[in-house]
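Residue strings, one per chain:
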Amino acid sequence: MDLTGKNIIIGICGGIAAYKTPHLVRLLKKKGANVRVALTDAGTRFVSELSLATVSQGPVYRSIFPPTDTHGTDFTTHISLGEWADALVIAPATANTLARLAAGLCDDMLATCFLTLRPGKPVLIFPAMDGQMYLSHSVQRNIATLKSQGAVIIEPESGELASGQCGTGRMPEPEAIVEHIETALLSLVHSSPLHGKSIVVTAGPTREKIDDVRFLSNYSSGKMGFAIAKAAGMRGARVTLISGPVGLATPPGVERIDVESAAEMRDAAGNFFPSCDIFIGAAAVADYRPAAVIRGKLKKNDPELQFTLVKNPDILGDFGQQKNPVQLAVGFALEQENGIDNARKKLEEKNLDLIALNFSDRRTSGFEVDTNMLTLIKRGGPATELPMLSKEEAARKLLDTIENICRQR
Ligand code: C5P
């Protein structure tokens, strides 16, 4: 399985099998995963931080307290790392860390990631220790507690242990651990109601030509739409991304169609109206275009210039009017005032199932920036205000809501 774009935390405890973990990290990186390492204090006795930082190409997390030279600026990392992850893998897991997790402690980054992981994300735990210790009442009780919380415990293998004795307690080889991770992530993808669905996402700005060298446009970067396309692809959807001119890489597995004007976007999108399951209009489509495009380059001879603008097609609105009862239409509303009322009005007018209200200050929310504050409004439902999130995380929340709508149908 291609793990491109998957965010995986490897939690490493202080057991001899920790020496195999740089290889595990490398295998995951080769498959395209983004890997972050949370290492316990005891873990540092068995594997070097430098090796793990080098192979994971990122920092190695240990304490929940930021180093003092950052002046507390990354004080929320201990929470955001767990929220970032698509899976938490603890290998090797020692008796001590099993006890900490079962008790709900949060005294280092590994334990905190366990507590802050988003609901539904897989936790894979690979206990590895002396055979007798593994069978002890306390360890088995802690394992049972963690299982009851949804963690997947992978039984250690039998064979020669570090003590020289034979018994059950060996951590599986890194290749086998990767297979377990792939299985867990795959079954998650298959359980999503978006799996196999055809989703069309429009993204970015449109350009409306004035003459051959000038155009009308807006500040949209396409980041929100691209994040939605990526997140939908990761849930197993067949995604077509219809994008205006942006400087972004195509998310893995997503089919991209590049367009320039609203008319081109309408033509490209219209081909999918009858067949798609879900249409998400995240593009900032220009509402108007010049009535006529001037050939060549407009000369600056006149002291004043007047243009006649004509209305562009409403792409999402057209889809909303044409859709059949099982198709879903999702849109955005960029509003300055009376946001919720205007968004609800738009939802009705365009016949949408869900609308994401946002505003643009170009600092924390809306156009160009990497974060967004969305209020999600379902047809006939309450308005759910989300905090300021990365656009990636906001996209995941939007898709969670779409999944809920699909489940309720
Ligand atoms: O009407 P308004 O532009 O505020 O609606 C915003 C929503 O409609 C967004 O989801 C946007 O992608 C979509 N839209 C569209 N075609 C237009 C204008 C907006 O698809 N011409």
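All values reported here derive from a predicted model rather than from experimental measurement.

S.K.: What's the story with the side chain of K350 in this structure? I'm lost.
M.R.: Looking at where K350 falls in the secondary structure, it is placed in the loop between α12 (339–349) and β18 (354–358). Judged by its relative accessible area of 18%, K350 is buried. Sequence-distant contacts of K350, that is, excluding residues within four places in its chain, are made with D314, L316, G317, G320 and Q321.

S.K.: Looking at this model, I keep getting lost on unusual backbone geometry. Mind explaining?
M.R.: The phi torsion of most residues other than glycine is negative, and most of the peptide bonds are trans. With an omega of -10°, the peptide bond running from A91 to P92 counts as cis. Looking at where P92 falls in the secondary structure, it is placed in strand β4 (residues 87–93). With a phi close to 50°, N338 is a non-glycine residue in the positive phi region. Checked against the element boundaries, N338 lands in the loop between β17 (328–334) and α12. Residue E368 is not a glycine yet carries a positive backbone phi of 75°. With respect to the helices and strands, E368 occurs in the loop between β18 and β19 (371–372). Classification of E368 as partly exposed rests on a relative accessible area of 32%.

S.K.: What is the right way to look at the site of the ligand in this model?
M.R.: Looking at the ligand, there are 13 residues lining it, with G281, A283, P313, F332 and K346 nearest. Take G281: an N or O atom from its main chain is 2.5 Å from an oxygen atom of the ligand. Residue K346 places a side-chain N or O atom 2.4 Å away from an oxygen atom belonging to the ligand. Coverage of the ligand by the protein chains reaches 85% of its 450 Å² of free accessible surface. Looking at the shell around the ligand, the elements with two or more residues in it are α11 (315–322) and β17. When grouped by side-chain class, the residues that make up the shell around the ligand number seven nonpolar, two polar and four charged.

S.K.: Looking at this model, I keep getting lost on the domain arrangement of the chain. Mind explaining?
M.R.: Where interface size is given, it is often the accessible area lost as the parts come together that is meant. Per the domain assignment, the segments of the chain are domain 1 (7–188) and domain 2 (192–408). Once you take the C-alpha centre of each, domain 1 and domain 2 turn out to be 39 Å apart. Counting residues at the interface gives six residues for domain 1, matched by six residues for domain 2. When the two sides are added together, the surface that domain 1 and domain 2 hide from each other amounts to roughly 410 Å², 22% of it contributed by carbon and sulfur. Contact with domain 2 buries area across many residues of domain 1, yet D86, R118 and L188 alone supply 74% of it, more than any other trio. Counting across the interface, domain 1 meets domain 2 through two salt bridges. Across the pair R118 and E393 runs a salt bridge, and its minimum N-O distance is 3.1 Å. Taken together, the residues of the side of domain 1 that touches domain 2 break down into two nonpolar, one polar and three charged.

S.K.: When you look at helix α5 (residues 109–116) in this model, what are you seeing that I'm missing?
M.R.: Of all eight residues making up α5, seven are buried, and the element is well covered by its neighbours. Those residues of α5 not exposed but buried are M109, L110, A111, T112, C113, F114 and T116.

S.K.: Would you mind going over the pairing of strand β2 (residues 34–39) with me for this structure?
M.R.: For a regular strand, side-chain orientation follows a simple rule: the groups alternate between the two sheet faces. With six bridges joining them, strand β1 (residues 7–12) and β2 adopt parallel strand pairing. Residue I8 lies in a different strand from β2, and its bridge partner there is V35. With helix α1 (residues 21–30) bridging β1 and its parallel neighbour β2, the resulting β-α-β unit is right-handed. Where β2 meets strand β3 (residues 60–61), two bridges bridge the pair, whose relative direction is parallel. In the sheet register, A38 faces β3, and the bridge partner there is Y61.

S.K.: I would appreciate a short explanation of the packing of helix α9 (residues 223–234) against helix α13 (residues 391–408) in the present structure.
M.R.: Between two packed helices, both the angle of their axes relative to each other and the distance between the axes serve to describe the pair. Where α9 meets α13, the axes come as close as 8 Å, and the angle between the chain directions of the two elements is 55°. Here α13 runs oblique to α9, going by the angle between their axes. With respect to the hand of their crossing, α9 and α13 are arranged in right-handed fashion. Of the residues in α13, those touching α9 at K223, M224, A227, I228, K230, A231 and A232 are K391, E392, A394, A395, R396, L398 and L399. For the contact of α9 with α13, the class distribution of residues is nine nonpolar, no polar and five charged.

What counts, and at which threshold
- Here the residue numbers are simple positions, counted from 1 along each chain's written sequence.
- Owing to the predicted nature of the model, reporting of local features is limited to residues with pLDDT of at least 70; listing and counting of side-chain atom pairs is limited to 80 or more, with chain, interface and lining totals taken over all residues.
- Heavy atoms from the whole structure form the basis of all side-chain values; hydrogens and water molecules are not counted.
- The way it works is that DSSP assigns letters per residue, a run of H or I at least four long becomes a helix, a run of E at least two long becomes a strand, and they are numbered from the N terminus.
- Type-normalised accessible area, obtained with a 1.4 Å probe on protein chains alone, sets the label of each residue: buried when under 20%, exposed when over 50%, and partly exposed for intermediate values.
- Here, residues are in contact when the closest pair of their heavy atoms is within 4.5 Å.
- Residue proximity to a molecule or strand is established when one non-hydrogen atom of the residue lies within 4 Å of it.
- Polar contact criterion, stated in full: a pair of N or O atoms within 3.5 Å, where within protein one must be able to donate a hydrogen and the other to accept it, and residues adjacent in sequence count only if both atoms are side-chain atoms.
- Exposure was quantified through the Shrake-Rupley algorithm and a 1.4 Å probe, taking into account, for residues, occlusion by the shown protein chains and nothing else.
- Side-chain classes are defined by residue name, with Ala, Val, Leu, Ile, Met, Phe, Trp, Tyr, Cys and Pro counting as nonpolar, Asp, Glu, Lys and Arg as charged, and the others, Gly among them, as polar.
- For the domain bounds, the source is a domain assignment made automatically or taken from a database.
- Buried area, as used here, totals the accessible surface that two parts lose on assembly, with accessibility defined by a 1.4 Å probe and the loss added over both.
- A carboxyl oxygen of Asp or Glu within 4 Å of a side-chain nitrogen of Lys or Arg is what we treat as a salt bridge.
- Any two strands are treated as partners once DSSP identifies two or more bridges connecting them.
- Orient the strands so they point away from the viewer; a crossover is then right-handed if the path from the first strand over the helix to the second runs clockwise.
- Lines fitted to C-alpha atoms define the axes here, with helix axes fitted over just the stretch in contact, and angles between the N-to-C directions of these axes take values from 0 to 180 degrees.
- Just so you know how the angles are binned, under 35 degrees is roughly parallel, over 145 roughly antiparallel, 65 to 115 roughly perpendicular, and the rest oblique.
- By convention, the crossing between two helices is left-handed when the near helix turns anticlockwise from the far helix through less than a right angle, and right-handed when the turn is clockwise.

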